[in-house]
Amino acid sequence: MSPAARLRGLKPDWLSDPKVWRTEVLAGLVVALALIPEAISFSIIAGVDPAIGLFASFTMAVTIAIVGGRRAMISAATGAVALVIAPLNREHGLGYLVAAVILAGVFQVILGALGVAKLMRFIPRSVMVGFVNSLAILIFMAQVPEMRNVPWAVYPLIIGGLALMVFLPKVTTVIPAPLVSIVVLTVLTVAAGIAVPSVGDKGDLPSSLPVPGLPDVPFTMETLTTVAPYAFAMALVGLMESLMTAKLVDDITDTRSNKTRESIGQGIANIVTGFFGGMGGCAMIGQTMINVKVSGARTRLSTFLAGAFLMVLCIVFGPVVSDIPMAALVAVMVMVSFATFDWHSIAPKTLKRMPAGEIAVMLITVAVVVGTHNLAIGVVVGSVTAMVVFAKRVAHLAEVTAVTDPDGSTVVYRVTGELFFASSNDLVGQFDYAGDPDKVVIDLSAAHIWDASSVAALDSIENKYAQRGKTVEITGLNDPSAHLHGKLTGELASH
């Protein structure tokens, strides 16, 4: 292959395909428009000026577009992060909040380098489905306040926006339907003089770019101990939401992402955001769905432009953006919530076929997320529930069958299944200590020892027979089981 051909192969799709370029640019514009009211709302949650949230969204999106591991995923200021750091800002002020954002970024880089992304493999599908469905519910619930105590004209505007997004793609997909909906509703309300809540009502937009600087805090151990707990909580919540969102985008696009790079990238983005005085953030599932699922974006360009357009819209076109009716953005987010929800997961046919434990895990995940408004807590509770359900199911797979020699001198117990803390508790009660002959053989050739609980159970069985003057021989151990048993047997008795 010639150097020129190799160079062409390295070029991003959006540089060589005008259609991809158009999709990415328009998707970035739609996301930027949707980011403005959300960033302002999250600023209010965190108790900071709206410009702080908008700056964070700008620096997060632009930085993660370069250093992130999941193409087309949107990172910006988020409600989850705002909830974590709001108490710190309330008690100690903005300087401590910014310091916490920088420290959280450092924690994320360290956790990413240590391989925290590998823990994603332990999140089962039922938790993932619950995550997606609860996310859709939260996105919809976030729009409800915008539909309460508002002029009646808001409702037909929302319905009209939804109708445009449903039917326009059947006619043309050249321009993203959400962008058309926002433009049409804005022109209509301004031209007709319809008085409805607008983006400008959420707060003042910034008039200049953010300037880098150090947080205004004393650089002492006391400051570190004050911000560290908030920073670590923010790092964990941000990584969990970002990695879950990345996994979701992987599934939607049928492509793989580099989760370790994404974890480290989130840390770098938060460090940069902190030095620019932003409130920090992580991946935004709602805006990512607008970008990937609704607008069809697939490259880093859309993520970068979402951040760039955000600042351009605020600084250059502030007055115009301020006139966008909230009804237009509510319609977009309602559409996103319906597109995000996994309707197949609650179809009667699916529910009939799914094991009850899987359904329970999904429902518990949804209930916890919706109840706490915290995706990270829901995922942790859902994963723990799934582990309990799995352990309970596997515990009953360990079976013991006994065969006595014809001469009655020996009994062979054949153990089948996985031996771990849940199944080994029942193991001890499946032997006839009083009635068995003097020689007992426990055949583990069809079993596997996984933990110390299983070794302790086998020791207990041997002791019960020994108390009656009977000998026990354990046979058939595979190499890992033999190694674990040999290392722990006789060492686990309580004193």
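Here, every reference points to the structure presented above.
Let us look at the structure shown here.

So, how was this worked out
- Residues numbered from 1 in each chain as written.
- Predicted model: local features only at pLDDT ≥ 70, side-chain atom pairs only at ≥ 80, totals over all residues.
- Heavy atoms only, no water.
- Helix = DSSP H or I, 4+ residues; strand = E, 2+ residues; numbered from the N terminus.
- Buried < 20%, exposed > 50% of the residue type's maximum accessible area, 1.4 Å probe, protein only.
- Contact = heavy atoms within 4.5 Å.
- Phe/Tyr/Trp six-rings, centres within 6.5 Å; stacked < 30°, edge-to-face > 60°.
- Pairing = 2+ DSSP bridges.
- Axes fitted to C-alpha atoms, helices over the stretch in contact; angles between N-to-C directions.
- Salt bridge = Lys/Arg side-chain N within 4 Å of Asp/Glu carboxyl O.
- Expected span 1.5 Å × (residues − 1).
- Polar contact = N/O pair within 3.5 Å; in protein donor to acceptor, adjacent residues only side chain to side chain.
- Core = buried A, V, L, I, M, F, W, Y, C linked by side-chain atoms within 4.5 Å.
- Bend = angle between axes of the 7 residues up to and from the residue.

If you tally the helices and strands in the protein chain, you get 21 helices and six strands. Taken along its principal axes, the extent of the C-alpha atoms in the protein chain is 100 × 65 × 60 Å. Residues counted as buried form 51% of the 495 residues belonging to the protein chain. Long-range contacts, defined here as pairs at least 24 residues apart, represent 84% of the contacts in the protein chain between residues at least 6 apart.

Next up on the list: unusual backbone geometry. Of note in this structure, Ala-72 is not a glycine but carries a positive phi near 75°. Note on placement: Ala-72 falls in the loop between α4 (50-67) and β1 (75-76). The class of Ala-72 is buried, set by a relative accessible area of 2%. Of note, Asp-254 is a non-glycine position whose phi angle comes to about 55°, a positive value. Along the chain, Asp-254 turns up in the loop between α10 (221-253) and α11 (259-275).

What follows covers the packing of aromatic side chains. Applying the stated criterion across every chain yields a total of nine aromatic pairs. Where Phe-140 meets Phe-338, the ring centres are 6.4 Å apart and the plane angle is 85°; that geometry is what we call edge-to-face. Highlighted residues: Phe-140 in helix α7 (residues 125-143) and Phe-338 in helix α15 (residues 326-340), separated in sequence by 198 residues. Arranged with centres 6.4 Å apart and planes meeting at 90°, the rings of Phe-431 and Tyr-465 form a pair that is edge-to-face. Here the residue Phe-431 occupies a position in the loop between α19 (421-427) and β5 (439-449), and Tyr-465 occupies one in helix α20 (residues 452-466), the gap between them amounting to 34 residues.

Moving on, we come to the environment of Met-335. Looking at the element boundaries, Met-335 is found in helix α15. Taking the C-alpha atoms as reference points, Met-335 and Pro-210, separated by 125 residues in sequence, lie 32 Å from one another. The contact partners of Met-335, leaving out residues within four places of it in the chain, are Leu-162, Met-165 and Val-166.

Right, let's get into the sheet that holds strand β3 (residues 399-404). Pairing is mixed in the open sheet, where four strands are placed in the order β3-β4-β5-β6. The open sheet has two free edges, formed respectively by β3 and β6 (471-475), since each of these has just one partner strand. Adjacent strand axes in the sheet meet at a mean angle of 20°, parallel and antiparallel pairs treated alike. For strand β4 (residues 410-419) and β5, the ladder comprises nine bridges, and the chain directions are parallel. Among the inter-strand pairings, Tyr-413 is bridged to a residue of β5, identified as Ile-442. Sheet strands touched by α20: β4, β5 and β6. Its angle to β5, the strand with the most contacts, is close to 175°.

With that settled, the discussion passes to the pattern of salt bridges. Scanning the entire structure with this criterion turns up three salt bridges. Of the charged contacts, one joins Asp-250 and Arg-70 as a salt bridge, the two residues approaching to 2.6 Å between their closest N and O atoms. Here Asp-250, found in helix α10, pairs with Arg-70, found in the loop between α4 and β1; they are 180 residues apart in sequence, far enough to count as distant. Like Arg-70, Asp-250 is buried. A cluster of three or more residues bridged by salt bridges with shared partners is formed by Arg-70, Asp-250 and Lys-259.

Now for the environment of Met-73. Locating Met-73 in the fold gives a position in the loop between α4 and β1. Residue Met-73 is classed as buried on the basis of its relative accessible area of 2%. When the C-alpha atoms of Met-73 and Phe-338 are compared, they prove to be 19 Å apart, with 265 residues separating the residues in sequence. Apart from residues no more than four positions distant in its own chain, Met-73 is found in contact with Ile-64, Ser-242, Thr-245, Ala-246, Glu-262, Gln-266, Ala-283, Thr-288 and Thr-303.

Okay, helix α13 (residues 300-315) next. For α13, with 16 residues, the first-to-last C-alpha span of 23 Å sits near the 22 Å given by 1.5 Å per residue. Residues Leu-301, Ser-302, Thr-303, Leu-305, Ala-306, Gly-307, Leu-310, Met-311, Leu-313 and Cys-314 constitute the buried set of α13. One side-chain oxygen at the N-terminal end of α13 lies 3.2 Å from the backbone nitrogen of Leu-301; it belongs to Thr-299.

By size, the foremost hydrophobic cluster in this structure holds 103 residues, and its most contacted members are Ile-36, Leu-54, Phe-131, Met-279, Ile-290, Leu-310 and Ile-324. Here this core gets 12 residues from one element, more than from any other, and that element is helix α3 (residues 18-46). Not counting chain neighbours up to four residues away, the residues in contact with Leu-54 comprise Ile-36, Ala-39, Ile-40, Ser-43, Leu-205, Pro-206, Leu-310, Met-311 and Cys-314. In terms of nonpolar packing, the next biggest core, distinct from the first, is built from 23 residues, Val-440, Ile-442, Ala-447 and Ile-461 among them.

Now for helix α5 (residues 79-92). A rise of 1.5 Å per residue sets the reference length of α5, with its 14 residues, at 20 Å; its end C-alpha atoms lie 20 Å apart and thus fit the reference within 8%. By the largest-angle criterion, Ile-85 marks the main kink of α5, which is about 40°, and a proline, Pro-87, follows within four residues. The complete set of buried residues in α5 reads Gly-79, Ala-80, Val-81, Ala-82, Val-84, Ile-85, Ala-86, Leu-88 and Asn-89. The elements touched by buried residues of α5 are α3, α6 (94-113), α10 and β2 (282-283). Between the side-chain oxygen at the start of α5 and the backbone nitrogen of Val-81 there is a gap of 3.4 Å, and the oxygen is on Thr-78. Gly-93 lies just past α5 and shows a positive phi near 105°.

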